[in-house]
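Structural description and commentary
Each chain, written out:
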Amino acid sequence: MSKITQHLVGWLAGGMVAAWLAWLGVTDTLYQIIPSEPIILTLGVVVTMISLIGISRTARRCSQGWLVPATVVAFFVATGLLIDLTLLGFGLTIPGFY
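Just so it is clear, the model here is predicted, and its values are computed rather than measured.

So, the overall build of the protein chain
Of the regular secondary structure elements, the protein chain holds three helices and zero strands. Listed N to C, the secondary structure of the protein chain is α-α-α in terms of helices and strands. Overall size of the protein chain, expressed as C-alpha extent along the three principal axes, is 50 × 25 × 15 Å. Restricting the contact set of the protein chain to residue pairs at least 6 apart, pairs at least 24 apart contribute 73%.

A look at the side chain of threonine 5
Note on placement: threonine 5 falls in helix H1 (residues 3–26). In this structure threonine 5 comes out as buried when scored by relative accessible area, which is 10%. At 2.9 Å, the side chain of threonine 5 forms a polar contact with the side chain of serine 2. When residues no more than four places from it in sequence are discounted, the contact partners of threonine 5 are Cys62 and Trp66.

Topic: the packing of aromatic side chains
Using the criterion set out here, one finds one aromatic pair in the structure. Judged by centre distance (5.6 Å) and plane angle (65°), the rings of phenylalanine 75 and phenylalanine 76 are edge-to-face. Taking the relative accessible area as the measure of exposure, phenylalanine 75 reaches 55% and is therefore exposed.

Quick look at the packing of helix H2 (residues 37–59) against helix H3 (residues 67–93)
Viewed as axis vectors pointing N to C, H2 and H3 meet at an angle of 150°, and their least axial separation amounts to 9 Å. Comparing their axes, H3 and H2 come out roughly antiparallel. With respect to the hand of their crossing, H2 and H3 are arranged in left-handed fashion. On H3, the residues touching Pro38, Leu41, Thr42, Gly44, Val45, Thr48, Met49, Ser51, Leu52, Ile55 and Ala59 of H2 are Ala70, Val73, Ala74, Val77, Ala78, Leu81, Asp84, Leu85, Leu87 and Leu88. When its residues are assigned to classes, the contact of H2 with H3 shows 16 nonpolar, four polar and one charged.

Quick notes on the side chain of serine 51
Position of serine 51 among the secondary structure elements: in helix H2. In terms of polar contacts, serine 51 uses its side chain to reach the backbone carbonyl oxygen of valine 47, at 3.0 Å. Excluding anything up to four places from it in sequence, serine 51 contacts Trp11, Gly14, Gly15, Ala18 and Val77.

Things to note about the nonpolar core
Among the nonpolar cores identified, the biggest contains 12 residues, and these are Leu8, Leu12, Ala19, Val45, Leu52, Ile55, Cys62, Ala70, Val73, Ala74, Val77 and Leu81. For this core, the secondary-structure elements that each account for two or more residues are H1, H2 and H3. When residues of this core are assigned to their parent elements, the largest contribution, five residues, is made by H3. In this structure, valine 77 is in contact with Gly15, Ala19, Thr48, Ser51 and Leu52, ignoring residues within four places of it in sequence.

Parameters at a glance
Residues numbered from 1 in each chain as written. Predicted model: local features only at pLDDT ≥ 70, side-chain atom pairs only at ≥ 80, totals over all residues. Heavy atoms only, no water. Helix = DSSP H or I, 4+ residues; strand = E, 2+ residues; numbered from the N terminus. Contact = heavy atoms within 4.5 Å. Buried < 20%, exposed > 50% of the residue type's maximum accessible area, 1.4 Å probe, protein only. Polar contact = N/O pair within 3.5 Å; in protein donor to acceptor, adjacent residues only side chain to side chain. Phe/Tyr/Trp six-rings, centres within 6.5 Å; stacked < 30°, edge-to-face > 60°. Axes fitted to C-alpha atoms, helices over the stretch in contact; angles between N-to-C directions. Parallel < 35°, antiparallel > 145°, perpendicular 65-115°, else oblique. Left-handed = near helix turned anticlockwise from the far one by under 90°. Nonpolar A, V, L, I, M, F, W, Y, C, P; charged D, E, K, R; others polar. Core = buried A, V, L, I, M, F, W, Y, C linked by side-chain atoms within 4.5 Å.

What follows is the structure in structure tokens.
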């Protein structure tokens, strides 16, 4: 396995963890550990954004065989990012949303 492929596998694993963290923040499972909804959503946004940047930059330099796994993981990470951003935006604009 080449070094760039190892980097991509690391980013894909990190992306899966980021998406998992974003989904836990949405479903209030993580709320039992950190009792602040804006902090959980902001953490999910930051982690998923970093993961998407790493996946996209690394996937460009990898072979075409890694394009499908990178796209699938990037889709789930982007979905978590979109949901967290939407809920964070609602919480900042609608009083009493949280």
